[in-house]
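Architecture and fold: a report
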Amino acid sequence: MLQTVWLIPLLPFLSAVLLMVTAGRMPRPLVAMLGAGSVGLSAVVVLLFGMQFMQAPEPYTLTLWSWMRVGDFAPQFSFYIDQLTLVMMAVITGVGFLIHLYSTEFMEEDSDYSRYFAYMNMFVAAMLILVMADNLLLLFLGWEGVGVCSYLLVGFWYKDPANGAASRKAFVVTRVGDTAMALGLLLLFTELGTLQIQPMLDAANNTWVSGDTLPALAALLLLGGAVGKSAQLPLHTWLPDAMAGPTPVSALIHAATMVTAGVYLIARTHGLFLLAPDVLLLVALIGLVTLLLAAFTALNQHDIKRILAYSTISQIGYMFLALGVGAWSSGIFHLMTHAFFKALLFLGAGAVIHCLHHEHNIFKMGGLRSRLPVAFWSFLIGSAALAALPFTSGFFSKDPILISAFEYHGSIAGIGPWLWVGGLLGALLTAIYSFRLVFIVFFGEANTEPDRQPGWRMAGPLTLLCVLSLFGGWFALPLASVFPAESAHHPSMLIEGISISIPLLGVLVAWLVYYQRKVSVSRFTDSPTGNSLRQYWHSGWAMDDLYDNLLVKPFVGVSTLLRGEPVDKVYNGIVGVCQLVHRGLSESQTGKMRWYATSMVFGLIALITFLGWGI
Amino acid sequence: MILPNLILVLLVGGALAWWSERFDSSWPRLVALLVVLADLSYLLSSLTTVPLENFALVPVAADPASWLMSYQLNWIPRFGIRFELAMDGLSLVLIVLTLVLGAIAIVSSWTEDNQRQGFFQANILWTLAGVVGVFLAMDLFLFFLFWEVMLVPMYLLIAIWGHEGKAHASMKFFIFTQFSGLLMLVAIVVLAILQQQASGIWSFSYFDLLNTSMDSTVAGWLMLGFFIAFVVKLPGFPFHTWLPDAHTQAPTAGSVILAGILLKTGAYGLIRFTVPLFPEAALEFAPIAMMLGVAGIIYGAVLAFGQSDFKRLVAYSSVSHMGFVLLGVFAWNALALQGAVMQMVAHGFSTAALFMIAGALQQRMHTRDMNQMGGLWQQMPRMGAVALFFVLASLGMPGLGNFVAEFLVLLGLFQVNPWMTVVAALGLITAAIYSLIMMQRAFYGKPDDSRRLTDFGSLEMTAMAVMIIALVWLGMYPQPVLDLVQPVIDSLAVEVPLVAERGVSVGAVQ
Amino acid sequence: MEGVVIPLNHVLIVAALLFVTGLAGLMFRRNVIFILMALEVMLNSAGLAFVAAGTAWAEADGQVIFMLILAVAAAEVSVGLGLVLQIQRRFKTLDMDQARRLHG
Amino acid sequence: MMAAASQALLAPLVLSVASLALMMQIAFRRHSYTSWVITCLTLVLSMVALVPMSKLVPLQVTPLLISDQYSLFFSLLILFATLITALLAKDYLQHRAGENEEFYLLLLLSSLGGLILVSATHLASFLLGLELLGVALYALIAYPERGHLPLEAAIKYLILSGAASGILLFGFALIYAALGTLSFVGIGQQLTQLELAADRQLLVLIGTSMVFTGIGFKLSLVPFHMWTPDVYHGAPSPVTGFLSTVSKGAIFAALMRLFIDAQLYHYQGLMIALSVIAIASMLAGNLLALQQSNLKRLLAYSSIAHLGYLIIALVVYGALRQPQMAVEAAGFYITAYIVTSLAAFALLSMLSSDVRDSVLGNDAEVDDIDHIRGLFWRQPILALMLTIAMLSLAGIPLTIGFIGKFYLFAVGIKGSLWWLLAALVIGSGIGIYYYLRVVFAMSMKPQDSDQVLVVPAKLTLAAKLVICILIFTMLYLGVLPQPLMEYLGTVTV
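The structure presented is a predicted model; accordingly, all values stated were derived computationally and were not measured.

Another point: the environment of L262 of chain B. All names here are of chain B. Tracing the chain through its elements places L262 in helix 11 (residues 252-277). Spatially, the C-alpha atoms of L262 and W161 are 18 Å apart, while their sequence positions differ by 101 residues. For L262, the contacting residues outside a window of four places in its chain are T127, V131, M150, M154, F173, K233 and I257.

Now the structure itself:
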């Protein structure tokens, strides 16, 4: 049974290839069956595999073929499965299947139905390869593969140039990170002689001492890849724009799976990061700053998907924080629960959008509680989990992160509580913006009338995800053998209490402001400072403008400046000189015989003079 | 006799294709295609007679049996010039590439409305013959001969069947390559004379000239002569400016051959001649050469982004990609060299395909200006999908050949010069920028419904499928190619020790 | 045959002067007849130099060459005059500066 | 002795006798076809006569002439070029006004001058050959009855060439005055053996300068090149071809013999002066041709450059340990140059043969680059010949021109003449442009707006023969040069 693990990525891959080759000539039901079915089948294989695996949970390696071999450089096409991989595989195929199923209805009216599923299946295959890879190069293949699929799906509706721009931005910005990561791979191979993850980590442990420059550099470069893919500072700007794609795409790629690849990468190579405690702290700080920044921004958006996008950035910030403070399993746990509730939220948002003529602006919605009950319950449960209200899945994953942050003692002593405070602030904001969303969209007056209700293929996955979001936190992940032992949590009751009560406080605030409208923020937001702050937050801390001015405009400017090929000027100059001399010499051919005779005489005189020089 | 036959078949085939025009104007392309395929199958079938273990032999100068095939004939004894051909793994890989792309080029001209089909196809076949000759010639005089002769039919292809600016473009192409070729000729003759003065016997044979002793200044100049000729052809910054013009103006089949094959002769020359003939001089020069490579990568990418002409964009992307080859060769270690060769092959396919698409677009829309395109996916989804694939290949998508190539080059380079690697790696980002903008401007965006455009037909799709399969194969399992080339690199390493592999960078990074 | 022996150099100087005269005629005259005459002067100055040199070396070679030169000059001039006739007929002028259709 | 002498000079004798016979024929019964046949037969016969001559080499016949492999080789080239010219001339003259018989007579006389020139070892024979060649050529240039251009070209050539002869003669007179000898070998002996007094040295110096001025003019080297384009342009195409090949080839051969026999290569100053002249010729020639639209002028400028290239072989002679290689290189290059130039002028001549129905007028010359536009689509064989010729002039492999250039590179490098080589490379680079421009013009698709100037006339048998011979020679010697190289190895001065 274990050997059939290669089926897991292969099934969606084959389906994708089949869908591409038939290029839309397949009947729709068959497309749906193939698209969703292949992922479902994969999920089944994962389940069967997992059951067998857990009987004797030893890392399992399967080598398919030798990819390439040049001297020592011999990466293989092989899979490495341990508990971490298994969790990821389960999330990808499980949540992936639900989203595919949902898509079969959501995309039904689209003319490019089969292209959509081809891309989606390809994405699932690439994502599976990413997590199953036994070496970093194969991981990189999956890594770039998901990037490309993300690009294709964000720009799926290609007729609108804005979508194209968003998809390019997504790809290029992540590529910046990917390039750093590629450099990291080069460094790791050059120094350690292998890219196979486990031997490489062993070699790193044997070669390097904690705190060395080289491991720090390598870790930093990998971190570059991670922040790119996971939309963390400073490469987070692409994710909000990436919402241009179909909503299930946002759910699958830009919430549940791909964007967490960075978290997975760091977790996977934690042995390396442990050798670079400073970088690890940097991970935590990046996570913290990002989560706060994104949370503030989310507070100010009115596009339902953008709110969710910023919340995704923010939640991944928590995961980074977890990784940075050494709460590895908590980070992965949060990754999983986040996959559940964020997929739920996105799909819920999708249902709202689907039923409201593609309306994205939350202020044009309202009062949908009774008219779209499925969406309402989904949103309510999803937001509760997102806000980490007690006993939802989000609570079980986020709480340990905050506790671990509090107890952090890494390269800078005493920073832990501050991390904790930041995390709490984030939690407060999370609760506020998520329930702001719920209150505005589902309560109050109705602005737009839904023209349909979600069918079973949409409602089913939503229901299932509701269950997972509520109860997904009740079982513990078997990750103990993968990560180094974490210190047992014995926080004081006070800390625990504060952690629990903060989200509730946030919900209360949101209730007061957005439902009861007792507290008006308009006084503040209408003041000049408030207004500019709002603008500033709304634009995502103006990072886009910054990059635009710092990188994009200069690049475009330089390329416009050079497009006429300045190097050619040199060659044209040579040609010009030749032509000039040609014209001059041609002028001398006057046709006058006397001048010809004279020139001959001059030549003679010159010759005599020259030869006479020596005497 | 197999090797001369390979060339002869193409030469005679060209004449045959020309002649066949008498019967019907549709014959020449058919004849040409058959000739190329026949040549390819002839090559492959005669390879079966080579014992399998020979493929792993390190080719040694002294021992003809260590080469896959070889052929010798006295030609001009006055100067010790011989008609000397030999094939090792590197030549084999490149010749197969040449013939496959040659067939594809002929297919790409299938629907183009070219007058004088006969002479057109003849020129294509003669160009191929010249290129095959370049990859086989082991006598420097003979090499030069093929090197120059292949330009003439190529020139005619551009000059006769080119687009609006063909006069300027074809002339520029010819003068750049010819002039740099003259420098190489001088270098070749100087080298032969040095050898003759040392040994008393005239010879232009590569094997005899390999160990010519000379002082370092002379070696530096001679190396430069070879280097410039090859870098012009490659093309490397700042000798690349002929390429965008030539590519833009050439007929589709011409662009395919030019980008897919002809550029590779420059890279081949660098690997086969420049470095082995002048080891010290070349390695001393390596930092500058690599700098040019890096400059080419970035410069080509930046200019590619600024173009609105589809073909020009692809042409500049070639400049950028061939920078990797330059880097790979002058990093001079097994990884980088393998990467350079892989890049030659992979870039051959990806760029040839993109030019074919450009040609198809021009044929359908009568423009190459991307401002007048947009939304073409709607009307030509198959072409769009294929274009997407090759765009992804060209931006270095892992799993496709180009990635393997670029990664190997970077990996090899990193061990030699980490900082340069960092700059070169920026090329991966810029490649994404220009490739995607091309996709956007041509195929995405609002479609113009007033256009009536036909999508790729089955013939074109077959050609595309061949290249897609080739790139996937190179990306997923490049080992056969690597194995073919490895003995060649081992033999080069005998002449020029490879640059140390690992650990060099420690100091540089810290 | 006694008499003053004129030194070779003197004759050569005279010949050179003649030669320069011829050259000057070539450079400054426009009428083709005069140009032909200048040409004659040049050729004959060379002949003079040969004769003088031959005498100085007490050899007949100089004189022989002079005879040859005479023949050459005659041939040249006869062809030249033939052309001059044609020129007069077709160009209606003998001014060589007018004959410049061929240029560039 | 007498028999041996006549056998050694069989070819010039055949030519002389035939010239007389032709004169008789013209005097008694004008018939141009007969004259043409006689001429062609004579030329073939003279070539055959070279075979018995080769049995006796080397043989000095009187102090004036020598019959050796060197003279035989160049005689062959001259006769070959004359034969081609004669073959072309018939078609060319056929539809033109006037009587044609004397043309062939002049042709024979001129080539006789060439033969004498290449065997000359003494000033007297040199002078005789030079003038015989030249005077006949004046008449040939002015041969067409109508039109201004041939006349203008002829008078310009006559006067300037006469002046050059005058300068040359005066130079020799000075040398004679200083050294007392007129034989080439004698000059060399005197120069190397005697310590010359200062005044004599001055005489020799001025004399040498004048000699080289004269020869430089005839070879149209910069700065004595001004006449070239005008004369090329004005002369009828077959004559231009003849002038460009026979006249230049013979004079170069004589120059090389003088150079070697008189051991002039010992003089550093002269070598530098020659190098400067060569470099100037290569650069100026090519630059002048750059955008020239008249093909004859273009070829004139190109010939300036090619003669410049050729001087490399001369300059390098003294620098080589085995100087024979320089002669080899010169021989090969001249062959290449002659064959290729003939091909180019043959094309122009054939195109000008029958222009009666064209807008150009009856006696017009087809010599503009616009005239051959689209030729490739109308007369592929002619276009092919010109293409090969242009590629050969540009020095592209597989043509004879490439091997010639290769030879020059080889000797230049052996003699370490880096400056000359640099000029050669640059000149060749510039050259590519205008040679290819011609090819490009031919390859352009004919447009309706073009005046269809070149009627695709039916090629006569003679024309076809010329085409075959020239294409074959250009390609054969380009692909398999070994036989000629081996032969040239034996061609010593």
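Now that the structure is up, let's keep going.
Let us now look at empty space enclosed by the protein. Residues and elements named next belong to chain D. Within the structure shown, the criterion is met by 13 cavities of 30 Å³ or more. Roughly 90 Å³ of internal volume is contained in the largest cavity. In terms of lining, the largest cavity is formed by F172, I175, L179, I187, L191, V204, T208, V211, F212, L258, A262 and L264. At the level of elements, helix 7 (149-179), helix 8 (184-193) and helix 9 (198-218) are the ones that each hand at least two residues to the lining of the largest cavity. Residue composition of the lining of the largest cavity, by class: 11 nonpolar, one polar and no charged.

What follows deals with the environment of F204 of chain B. With respect to the secondary-structure elements, F204 of chain B resides in the loop between helix 7 (166-199) and helix 8 (206-209). Here the alpha-carbon distance between F204 of chain B and M214 of chain B, two residues 10 residues apart in the chain, equals 16 Å. Those residues in contact with F204 of chain B, other than ones at most four positions away along the chain, are F79, G80, I81, M138, D139, L140, F141, I188, V189, A192 and L209 of chain B together with F406 of chain D.

With that settled, the discussion passes to the packing of aromatic side chains. Aromatic rings in a pair are described by how distant their centres are and how their planes are angled relative to each other. In the structure shown here, the tally under the stated rule is 90 aromatic pairs over all chains. On the numbers, 6.1 Å between centres and 75° between planes, the contact of W18 of chain B with W126 of chain B is edge-to-face. Here W126 of chain B lies in helix 4 (residues 117-136) and W18 of chain B lies in helix 1 (residues 2-20), a separation of 108 residues in the sequence. For W126 of chain B, a relative accessible area of 23% gives the class partly exposed. An angle of 50° between the planes, with centres 5.4 Å apart, marks the rings of F173 of chain B and W242 of chain B as tilted. Taken as a pair, F173 of chain B in helix 7 and W242 of chain B in helix 10 (residues 242-249) lie far apart in primary sequence, 69 residues in all. Side by side, F173 of chain B and W242 of chain B carry an identical accessibility label, which is buried. By way of ring pairs, the aromatic residues Y71, W75, F79, F83, F141, F144, W202 and F204 of chain B together with F332, F402, F406 and Y407 of chain D are connected into one cluster. Sitting over the ring of W147 of chain B, K233 of chain B keeps its end group 3.5 Å from the ring centre.

About the thresholds
- Residues numbered from 1 in each chain as written.
- Chains lettered and ligands numbered in written order.
- Predicted model: local features only at pLDDT ≥ 70, side-chain atom pairs only at ≥ 80, totals over all residues.
- Heavy atoms only, no water.
- Helix = DSSP H or I, 4+ residues; strand = E, 2+ residues; numbered from the N terminus.
- Contact = heavy atoms within 4.5 Å.
- 1 Å grid on protein atoms, 1.4 Å probe; cavity = no way out; pocket = protein on both sides within 12 Å on 5 of 7 lines; lining within 4 Å.
- Points joined across faces, edges and corners; volume = space filled by probe spheres on them.
- Nonpolar A, V, L, I, M, F, W, Y, C, P; charged D, E, K, R; others polar.
- Phe/Tyr/Trp six-rings, centres within 6.5 Å; stacked < 30°, edge-to-face > 60°.
- Buried < 20%, exposed > 50% of the residue type's maximum accessible area, 1.4 Å probe, protein only.
- Lys NZ or Arg CZ within 6 Å of the ring centre and 35° of its normal.

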